[in-house]
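# Summary of structural features
Next come the chains, spelled out residue by residue.
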Amino acid sequence: MLPYQIIEKKSYGMELTPEEITFFVNGYTQNAIPDYQMSALLMAIFIKGMTNEEMLALTKVMLESGDRLDFSGAEGFVADKHSTGGVGDKVSLILAPILAVLGIKIPMISGRGLGHTGGTLDKLESIPGFNVNLSADQFHDMVLSNGVSLIGQTQNICPADKKLYALRDVTATVRSIPLISASIMSKKIAEGIQGLVLDVKTGSGAFMQTYDDSKALADSLVAIGQLYGIHTTALITDMNQPLGRYIGNWLEVEESLACLRGEGPADLMEVTFALGNEILKMADHSLSDDDALKKQQGVIDDGSALEKFIATARLHGGDPKVLEKPELHSKASLQVDFKAAHSGYLQAVDTMQLGFLGIELDAGRRQSSDVIDPDTGFVIHKRLGDKIQAGDALITIHANKKTTLDSVLTQLDQVFEIGEETVEMPKLVYKQIG
Ligand code: URA
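Counting of residues starts from 1 at the beginning of each chain's written sequence and follows it residue by residue. Predicted model: local features are reported for residues with pLDDT of at least 70 only, side-chain atom pairs are reported and counted for 80 or more only, and whole-chain, interface and lining totals are derived from all residues. Processing note: side-chain calculations cover all non-hydrogen atoms of the structure and skip hydrogens and water entirely.

## Topic: the layout of surface pockets
- Taken as a whole, the largest pocket holds about 270 Å³ of empty space.
- A 1.4 Å probe that fits into a set of points on a 1 Å grid over the protein atoms alone but cannot get out defines a cavity; an open set with protein on both sides within 12 Å along at least five of seven lines defines a pocket, and lining residues are those with an atom within 4 Å of a point. If you go around the largest pocket, the residues you meet are Arg112, Gly113, Leu121, Asn133, Gly152, Gln153, Lys162, Tyr165, Ala166, Asp169, Arg365 and Ser368.
- Classes in brief: Ala, Val, Leu, Ile, Met, Phe, Trp, Tyr, Cys and Pro nonpolar; Asp, Glu, Lys and Arg charged; the others, Gly included, polar. Residues of the lining of the largest pocket, tallied by class, amount to three nonpolar, five polar and four charged.
- Around the second largest pocket, the lining is made up of 16 residues, and of these Gly115, His116, Asp169, Ala172 and Phe356 lie nearest the centre.
- Numbering of helices and strands runs from the N terminus, with a helix taken as a DSSP run of H or I at least four residues long and a strand as a DSSP run of E at least two residues long. Every element with two or more residues in the lining of the second largest pocket is listed here: helix H8 (159-170) and helix H16 (351-360).
- The split of the chain into domains comes from an automatic or database domain assignment. Two domains each provide a minimum of three residues to the lining of the second largest pocket, namely domain 2 (79-324) and domain 3 (331-419). Grid points are joined across faces, edges and corners, and a volume is the space filled by probe spheres set on the points.

## Section: the environment of Asp80
- Mapped onto the secondary structure, Asp80 falls in strand E1 (residues 79-83).
- Contact partners of Asp80, with chain neighbours within four places excluded, come to Ile106, Pro107, Met108, Ile109, Lys188, Glu191, Ile193, Gly195, Leu196, Val197 and Ile279. In what follows, residue pairs with any heavy atoms lying within 4.5 Å of each other are defined as contacts.

## Structural notes on empty space enclosed by the protein
- On inspection of all chains with the given rule, the structure shows five cavities of 30 Å³ or more.
- Lining the largest cavity are 31 residues, and of these His82, Ser83, Gly85, Gly118 and Tyr165 lie nearest its centre.
- Residue assignment for the lining of the largest cavity shows that the elements contributing at least two residues are E1, helix H5 (91-101), strand E2 (106-110), helix H6 (120-125), H8 and helix H9 (177-190).
- Of all the elements, H9 adds the most residues to the lining of the largest cavity, at five residues.
- Residue composition of the lining of the largest cavity, by class: 10 nonpolar, 13 polar and eight charged.
- What the second largest cavity holds in volume is close to 230 Å³.
- Elements with a minimum of two residues in the lining of the second largest cavity: H6, helix H11 (249-260), H16 and strand E9 (377-380).

## Re the site of the ligand
- If a single non-hydrogen atom of a residue is within 4 Å of a molecule or strand, that residue counts as near it. All residues adjacent to the ligand are His82, Ser83, Thr84, Leu114, Tyr165, Arg168, Ile180, Ser183, Ile184 and Lys187.
- Side-chain atoms alone can form a polar contact between residues adjacent in sequence; in general such a contact is a pair of N or O atoms within 3.5 Å, and within protein one must be able to donate a hydrogen while the other accepts it. Take Arg168: an N or O atom from its side chain is 2.8 Å from an oxygen atom of the ligand.
- Contacts to the ligand include Lys187, whose side-chain N or O atom sits 2.5 Å from an oxygen atom.
- Those elements that place two or more of their residues in the shell around the ligand are E1, H8 and H9.

## Concerning the packing of helix H12 (residues 266-283) against helix H13 (residues 289-301)
- Here, axes are lines fitted to C-alpha atoms. For helices the fit covers the stretch in contact, and angles between N-to-C directions go from 0 to 180 degrees. Where H12 meets H13, the closest approach of the two axes is 9 Å, and the angle between their N-to-C directions is 115°. When you trace H12 past H13, the crossing you get is right-handed. Across from Met269, Thr272, Phe273, Gly276, Asn277, Leu280 and Lys281 in H12, the residues of H13 making contact are Asp289, Ala292, Leu293, Gln296, Gln297 and Ile300.
- Its residues assigned to classes, the contact of H12 with H13 comprises six nonpolar, five polar and two charged. The hand of a helix crossing depends on one turn: near helix anticlockwise from the far one by less than a right angle means left-handed, and clockwise means right-handed.

## Some thoughts on the packing of aromatic side chains
- Ring pairs shown here join Phe, Tyr and Trp side chains whose ring centres sit within 6.5 Å, with only the six-membered ring taken for Trp; geometry is labelled stacked below 30 degrees between planes, edge-to-face above 60, and tilted in between. Summed over all chains, the structure comprises two aromatic pairs.
- Seen from their ring centres, Tyr211 and Tyr430 are 6.2 Å apart, and the 70° between their planes marks the pair as edge-to-face. With Tyr211 in helix H10 (residues 211-227) and Tyr430 in strand E13 (residues 429-433), this residue pair connects regions lying 219 residues apart in the sequence.
- Summary of the burial criterion: residues with accessible area below 20% of their type's maximum are buried, those above 50% are exposed, and those between are partly exposed, where the area comes from a 1.4 Å probe applied to protein chains only. Judged by relative accessible area, which is 31%, Tyr211 ranks as partly exposed.

## A closer look at the side chain of Thr396
- Mapped onto the elements, Thr396 comes out in strand E11 (residues 393-399).
- When its relative accessible area of 9% is taken as the criterion, Thr396 is described as buried.
- One polar contact links Thr396 to Asp337, side chain to side chain, over a distance of 2.7 Å.
- One polar contact links Thr396 to His381, side chain to side chain, over a distance of 2.6 Å.

## Focus on the sheet that holds strand E7 (residues 334-339)
- Pairing is antiparallel across the open sheet formed by four strands, whose spatial order is E6-E9-E11-E7. Strands at the two margins of the open sheet, each flanked by one partner only, are strand E6 (246-247) and E7.
- At least two bridges found by DSSP between two strands is the condition for calling them paired. As paired elements, E9 and E11 share four bridges and run antiparallel to each other. Paired with Phe378 across the strands is Ile397, a residue of E11.
- Set on the sheet, H16 makes contact with E6, E9 and E11; between it and E9 the angle comes to about 140°.
- Sitting on the sheet, helix H17 (residues 402-411) is in contact with E7, E9 and E11, with an inclination near 10° to E7.

## Structural notes on the sheet that holds strand E4 (residues 195-202)
- On the basis of which strands lie adjacent, the open sheet formed by four strands has the order E1-E4-E5-E13 and mixed pairing. Of all the strands in the sheet, just E1 and E13 have a single pairing partner and so form its edges. Mean inter-strand twist for the sheet, computed between neighbouring axes without regard to direction, equals 15°.
- Bridge count between strand E5 (residues 231-238) and E13: four bridges; the pairing is antiparallel. Counted as the bridge partner of Thr237 is Val429 from E13.
- Those strands touched by H9 are E1 and E4, and its axis lies near 165° from that of E1.
- The sheet strands contacting H10 are E4, E5 and E13, and the helix crosses E5 at an angle near 165°.

## Some remarks on the environment of Glu424
- With respect to the helices and strands, the residue Glu424 is situated in the loop between strand E12 (416-419) and E13.
- Here the alpha-carbon distance between Glu424 and Gly355, two residues 69 residues apart in the chain, equals 23 Å.

## Some details on the domain arrangement of the protein
- The assigned domain composition of the protein is domain 1 (3-49), domain 2 (79-324) and domain 3 (331-419).
- Using only C-alpha atoms to locate each centre, domain 2 and domain 3 end up separated by 24 Å.
- Counting residues at the interface gives 29 residues for domain 2 and 26 residues for domain 3.
- Summing both sides of the interface, domain 2 and domain 3 together bury roughly 2100 Å²; the carbon and sulfur share of this comes to 57%.
- The largest contributions to the domain 2 side of the interface with domain 3 come from His116, Gln241 and Arg245, which together make up 26% of the buried area. Computed with a 1.4 Å rolling probe, the buried area is the accessible surface lost when two parts are put together, summed over both parts.

Written as structure tokens, this is what we have:
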């Protein structure tokens, strides 16, 4: 088999055999196939798509590129939550400790920033000392003893996704249902979980911008989960504007801490609790939505979810002082408001473009070797439908370089659309699948 022939076959839109997919992905993971050939195949898949059989073969080879964890002896329900990616989406940071305190075991294997979206690992690494590179044994032990641990793909767990994810991030090959499905589900199946809730984003800041595409992605993810015997539910949630107010790695940790102190914005808490409810109801079928919500609110009110977040960070080597007193963390040296040029109502936010502007500020990567600036990003002040007066601050830019700050300032007027009529706030949770 030659990589060249497989790329060519896919470029004509022909169906690849499981053997061809396995050969290519294993060859790439073991460094026998170079980045440029893998990039070409990814682009061919991106453009021509994959059949269900191809997608399942891709998921299988990615899953089998590393070990699968085994939590069969664990006390309590073993579950996870994963998002298809959005802007300002820090739900994992808030929900993981909430669920761990409520007795769910959460082995969370996450990703880095992808395309215009942020990644849980980059956010966690903005906590000084936080190590996301634990061995499979350390990870397993921490989940059992602490209830939760958050790591990235390793040489032992989904190494194929680790390599492919980094390549897709910089080759504009993310927005593909089979590629996203195989990436997410290989990581999640490898975790050895019993239950999974997926947050499938839809709207201007999501990889799938139309409802129909998001629904197709949700169906595909849920079908793979069920095939592997995992109780899987997906919620389709809104991403027509950033979730919460803070965008950027440390900024999002800061907002997550506020949520765990009970000071989180309503939209972010609504999505967090909706996803949490699904897991709690899977673990205990007798629970109503109301009971599940009360349980989540309870561990925020009594401070135990915040304590769990800090204890987990400490176990990962993170500095607890900045979590107890966020004002001790470094801050971007330049903080400048972008103001509305005229009055009206906020009608639309180009959320994907805002995510890309975050990359210009170094909050994400242009190429896989880039080092992220943990302190840069945005704090957003206006929501869809808000009344705006000329001169109101729409967003504050947090930057460390004057040149990038100036460049972002000139582009922000393309992000915010202000018109004469108000618009309704979009519904946050559109539909449940599975
Ligand atoms: N999250 C992932 O883990 N993979 C994707 O491809 C997209 C979102």
